[in-house]
Amino acid sequence: MYVAVKGGEAAIDNAHRLLAEIRRGDPAVPDLTVAQIREQMRLLVDRVMTEGSLYDPDLAALALKQARGDVVEAVFLVRAYRTTLPRFGATEALDTGAMTLARRISATFKDLPGGQVLGPTFDYTHRLVDFALADGAVPEPAAEAEPEADAAACPRVTDLLGQAGLLEPSPPDDGAPVGDLTREPVDYPADRAVRLQGLARGDEGFILALGYSTQRGYGRTHPFVGEIRVGSVELDFTPEELGFPVSLGTVDMTECQMINQFHGHGAVPPQFTRGYGLVFGQGERKAMAMALVDRSLRAAELGEAVVVPAQDQEFVLAHCDSLQATGFVEHMKLPHYVDFQAELDLVRRLRAEHAARTAEPDEPTLREAAE
Amino acid sequence: MPSASQTPREPGMPDPTARRHAMERAGQASPAELLAALAQAGITPEAEDLRPAETGLVMVRGRIGGDGRPFNAGEATVTRAAVRLPGGETGFAYHLGRDRDRARLAAILDAHWQRPEARPALDAALAAIAARRAEAARQAARKVAATRVNFFTLARGED
């Protein structure tokens, strides 16, 4: 039960003024610019774009500044901003096969057309804190090499394996309407497209833990990383008034193709199954975890028993959104004085009844906590 | 809103592919580059707004498995502008991001590009911008190429 209570306006105003001052930090330290966050905290910006479900690096960087670096608060700001904007439509489906690659690796095929390209990665670093960075060390220029002839066309690994029939094909585009969980509430069972939309914007920590749980035995899927690719993809959009597609520009994306153990039934010979991950920016951990959970959530479709959390779509989709989760958890700090008063009355009555039953002397009456 | 087919077309009006190409190049240009391109063609960046520049969203579609059924991967901010010249040519721009000035300048450029007398100068300016972009992309590709793994097999004892 909620009852309007007046008071506290001045305290709230002053709390926000204090927040603004504390956000700024020591005035002797230069103010952080949005461009600095965008350029030098890029993976954080990418995470806010992915979980905020809105590609706009400058906006995500500004949200991070306003949120004092709190990811979920920044996601909240980005999601709130998007509700103020009209939607012009949907893009043509992007083609990750035509991505301008910054990185592309496969853990399943050593020699593949286009090669293994490491790009900017933390992999193989020694994870030793680099104190030279604290002194503003200028990095040596990146090495350069002439791209090899096959670098221009890098087919997805799944396309290569798929040709031999060893890998299940992607579900074909049947032209059916694409479900959108920002427009219609999710109906369970949700189709794979809606599940992927939910996973893409889901909290990285939650999706990571679920993916990890499948590896530890809570619904094993025997995954291999078929391919991870990071790079920029062109977005095309067809405005009604033009009638032909125009390029909106390019977005940075990370794609993960997970290849999982065989499956076959009746007329279908044994073949590898697949999980898919796609996120904004460079977000390999999230894309990999998303692909693991995508595959787990296909349990029912592939005739597997649904027994663990990572296979339960309602459990996963209803809890993966950090904004929904934080909204319900954090609302508990708002005043519940009247609720709690009712609970206090109830527990007192129950205690009185208990005391009467056991014929023991009642304890002295406490002052009401909410008084 | 007039459709493309209603846009006045003089004889020699190029096919939409060429216009699309010019719009794509203009979309990669900074506001300063767009202003310079218009100035180079002797054009003052003025036009009537068919629709004031506005920022909105597009839903970005991915495909399941990279090549399968589409799904909604998340949204992106897009800014669009639509202008009309005194001669009736209409210009449009749709760009990622929230830069209204840039979208309006690109729409003005698109409108003037449809005038055959302005097209060669604008194409030349856009080509120069595209060449700068291509050089930056080539440089980035060279840095990525240097991180390509070259596997080699160690000789084994039994060989």
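Note that this is a predicted model, so its numbers are computed, not measured. (Residues numbered from 1 in each chain as written. Chains lettered and ligands numbered in written order. Predicted model: local features only at pLDDT ≥ 70, side-chain atom pairs only at ≥ 80, totals over all residues.)

### Re the overall build of chain B
Right, on to step 1. Along chain B, the regular secondary structure elements total four helices and three strands.
Right, on to step 2. From first element to last, N terminus to C terminus, chain B shows the α and β order α-α-β-β-β-α-α.
Right, on to step 3. For chain B, buried positions account for 41% of its 159 residues.
Right, on to step 4. Long-range pairs, those at least 24 residues apart, make up 55% of the contacts in chain B with a sequence separation of at least 6. (Helix = DSSP H or I, 4+ residues; strand = E, 2+ residues; numbered from the N terminus. Buried ≥ 20, exposed ≤ 12 C-beta atoms within 10 Å, placed from the backbone. Contact = placed C-beta atoms within 7 Å.)

### Regarding the nonpolar core
Right, on to step 1. Counting 101 residues, the largest nonpolar core has A:Ala60, A:Val293, B:Ala76, B:Ala107 and B:Leu109 as its most contacted members.
Right, on to step 2. Sorting elements by how many residues they give to this core places helix H3 (residues 100–113) of chain B first, with eight residues.
Right, on to step 3. For A:Ala60, the residues in contact, after removing those within four places along its chain, are A:Val45, A:Val48, A:Met49, A:Gly52, A:Ala74 and A:Val78. (Core = buried A, V, L, I, M, F, W, Y, C linked by C-beta atoms within 7 Å.)

### Observations concerning the pairing of strand S4 (residues 224–237) of chain A
Residue and element names in this part refer to chain A.
Right, on to step 1. Both strand S3 (residues 100–105) and S4 contribute to a ladder of five bridges, which runs antiparallel. Bridge pairing in S4 links Arg 103 to Val 230.
Right, on to step 2. Pairing of S4 with strand S5 (residues 246–265) involves 13 bridges; the strand directions are antiparallel. Bridged to Val 233 within S5 is Val 251. (Pairing = 2+ DSSP bridges.)

### Observations concerning the interface of chain B and chain A
Right, on to step 1. The partner chain A presents 69 residues to the 50 residues of chain B that form the contact.
Right, on to step 2. Secondary-structure elements contributing two or more residues to the side of chain B that touches chain A are helix H1 (16–27), strand S1 (48–63), strand S2 (70–84), strand S3 (90–96) and helix H4 (119–145) of chain B.
Right, on to step 3. By residue class, the composition of the side of chain B that touches chain A is 24 nonpolar, 14 polar and 12 charged.
Right, on to step 4. Examined bridge by bridge, strand S2 (residues 87–90) of chain A and S1(B) share three bridges and lie parallel to one another. Paired with A:Ala90 across the strands is B:Met59, a residue of S1(B). (Nonpolar A, V, L, I, M, F, W, Y, C, P; charged D, E, K, R; others polar.)

### Looking at unusual backbone geometry
Residues and elements named next belong to chain A.
Right, on to step 1. In this structure, the amide linkage connecting Tyr 188 to the following residue, Pro 189, adopts the cis form with an omega of -5°.
Right, on to step 2. Within the secondary structure layout, Pro 189 lies in the loop between helix H6 (157–163) and helix H7 (192–201).
Right, on to step 3. Located in the positive-phi region is Arg 68, a residue other than glycine, with phi close to 55°.
Right, on to step 4. Structurally, the position occupied by Arg 68 is in the loop between helix H4 (57–66) and helix H5 (71–82).
Right, on to step 5. Given 13 C-beta atoms within 10 Å, Arg 68 falls into the partly exposed group.
Right, on to step 6. Although it is not a glycine, His 222 sits at a positive phi angle of roughly 50°.

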